[in-house]
Amino acid sequence: SRFCQETCFNGVIVPILVEGRKEADVLLFNKEDGFSEFDAKQLGIVLKSAWYLKGMKEKILQLHLEQVKLNQIFDQVPLYICEFDEHAILKYANKKYSEHVGLPIHAMLGRPFTDFIHEDEREDILANISKLSKNDPIIEYTHQSRLPHQAKWIDWMDMAIFNELGHIHTYYSLGLDVSDK
């Protein structure tokens with residue numbers, strides 16, 4: 001057959017045997033731009049890039065699904081869980097922590113977690129976190145959470161997660177309400 005089609009993300013690659021052209025020459029059909037000429041080397045780069053992007057898309061989707069599973073688990077455990085960066089900005093909060101703070105998760109993310117700690121406690125908690133290191137990545141302590149709508153005693157475990165270069169990548173805090181104990 002004169003035409004052979006293969007799907008490639010934004011367009012269709014159509015190898016066309018045209019008189020006066022080398023067999024390796026192809027045209028890339030893109031619905032917006034029409035035909036563009038590519039030689040075999042350029043086509044190889046396009047195809048490799050397309051396969052690479054397809055693989056990356058699949059890996060990203062798999063990671064997203066794993067994150068969804070973890071979030072579902074984190075929302076079922078009786079712990080307050082949050083993740084924050086080196087500037088104390090919340091990147092993640094589970095449902096229990098959100099309920100404890102009294103705000104929806106989307107209203108908490110992007111804000112310093114210290115906004116949700118009584119001002120008398122902030123300095124001590126930040127001092128605890130500043131002690132975390134590669135040799136001592138976890139610290140445990142108990143403090144009284146004094147929010148406007150409630151006061152609770154909570155056992156906290158703060159941990160630093162390090163990247164391959166040994167720098168802190170992110171922090172996690174896990175809290176357990178021990179008020180009744």
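Scroll up a little and you will see the structure.
Numbers given to residues run from 1 along each chain, matching the order in which its sequence is written. Local features in this predicted model are restricted to residues of pLDDT 70 or higher, and side-chain atom pairs are both shown and tallied only at a pLDDT of 80 or more, whereas totals for entire chains, interfaces and linings draw on every residue. Values shown for side chains rest on all heavy atoms present in the structure; no hydrogens or waters enter the calculation.

Participant: Hey, could you run me through empty space enclosed by the protein in this one?
Facilitator: In this approach the atoms are scanned with a rolling probe the size of a water molecule, which exposes any empty space left behind. Buried and open spaces are told apart on a 1 Å grid over the protein atoms alone, a cavity being a set of points where a 1.4 Å probe fits but cannot get out and a pocket being an open set with protein on both sides within 12 Å along at least five of seven lines. Residues with an atom within 4 Å of a point are the lining residues. Grid points are joined across faces, edges and corners, and a volume is the space filled by probe spheres set on the points. If you walk through the whole model with that rule in mind, you get 1 cavity of 30 Å³ or more. Taken together, 18 residues line the largest cavity, and the ones lying closest to its centre are Y97, I117, I125, H143 and W156. Counting from the N terminus, the helices are the DSSP runs of H or I reaching at least four residues and the strands are the DSSP runs of E reaching at least two. Listing elements by their share of the lining of the largest cavity, those giving two or more residues are α2 (95-101), α4 (119-130), β7 (138-147) and β8 (150-162). Among the elements that make up the lining of the largest cavity, the one with the highest residue count is β7 (5 residues). The residue makeup of the lining of the largest cavity, split by class, is 9 nonpolar, 6 polar and 3 charged. Gly falls in the polar group here, along with every residue not listed as nonpolar (Ala, Val, Leu, Ile, Met, Phe, Trp, Tyr, Cys, Pro) or charged (Asp, Glu, Lys, Arg).

Participant: Explain α4 to me, please; I cannot follow it from the model alone.
Facilitator: At 3.6 residues per turn, the α-helix brings residues three or four places apart onto the same side. In this scheme, a helix's expected span is set at 1.5 Å multiplied by one less than its residue total. Between its first and last C-alpha atoms α4 spans 17 Å; for 12 residues at 1.5 Å apiece the expected length is 16 Å, and the two agree. Among the residues of α4, those classed as buried are E121, I125, N128 and I129. In an axial view of α4, the angular spread of the buried residues amounts to 95°, which keeps them on one side of the axis. For α4, the exposed residues lying more than 90 degrees away from the buried face are E119, E123 and S130. Residue contacts are defined here by distance: any two heavy atoms, one from each residue, within 4.5 Å place the two residues in contact. In the core, the buried residues of α4 are packed alongside β5 (80-84), β7, β8 and β9 (168-177). Note on exposure labels: buried denotes an accessible area under 20% of the residue type's maximum, exposed denotes more than 50%, and partly exposed covers the range between, all computed with a 1.4 Å probe on protein chains only. Read the arc as the range of directions from the helix axis to the C-beta atoms.

Participant: Even after reading the chapter, I still don't get the sheet that holds β7, so can you show me in this structure?
Facilitator: What links the strands of a sheet is backbone hydrogen bonding, and the strands pair in either a parallel or an antiparallel sense. The sheet built from 5 strands is open, its strands ordered β6-β5-β9-β8-β7 with antiparallel pairing. On the outer flanks of this sheet lie β6 (90-93) and β7, each paired with one strand and no other. Strand-to-strand, the axes of this sheet are offset by a mean angle of 25°, without reference to chain direction. With axes taken as lines fitted to C-alpha atoms, and helix axes fitted only over the stretch in contact, angles between N-to-C directions fall between 0 and 180 degrees. The sheet strands contacting α4 are β5, β7, β8 and β9, and the helix crosses β7 at an angle near 170°. What makes two strands pair is DSSP finding at least two bridges between them.

Participant: Can you walk me through unusual backbone geometry in this structure?
Facilitator: Residues apart from glycine generally show negative phi values, whereas peptide bonds are mostly found in trans. Despite not being glycine, A88 has its phi angle at roughly 70°, a positive value. Checked against the element boundaries, A88 lands in the loop between β5 and β6.

Participant: Honestly, the pattern of salt bridges in this entry has me stumped. Any pointers?
Facilitator: Should the charged atoms of two oppositely charged side chains come close, the side chains can pair. Counted as salt bridges are all cases of a side-chain nitrogen of Lys or Arg within 4 Å of a carboxyl oxygen of Asp or Glu. Per the counting criterion, the structure on display carries 3 salt bridges. Close ionic contact of E83 with K91 constitutes a salt bridge, the shortest N to O distance being 3.5 Å. By relative accessible area, which is 39% here, K91 ends up partly exposed. Among the salt bridges present, the one from R111 reaches D115, with a minimum N-O distance of 3.3 Å. The partly exposed category is assigned to R111, whose relative accessible area is 32%.

Participant: Is there a simple way to think about the environment of S98 in this case?
Facilitator: Counting through the fold element by element, S98 comes out in helix α2. Filtering out sequence-adjacent residues up to four positions away, S98 remains in contact with L103, P104, I105 and M108.

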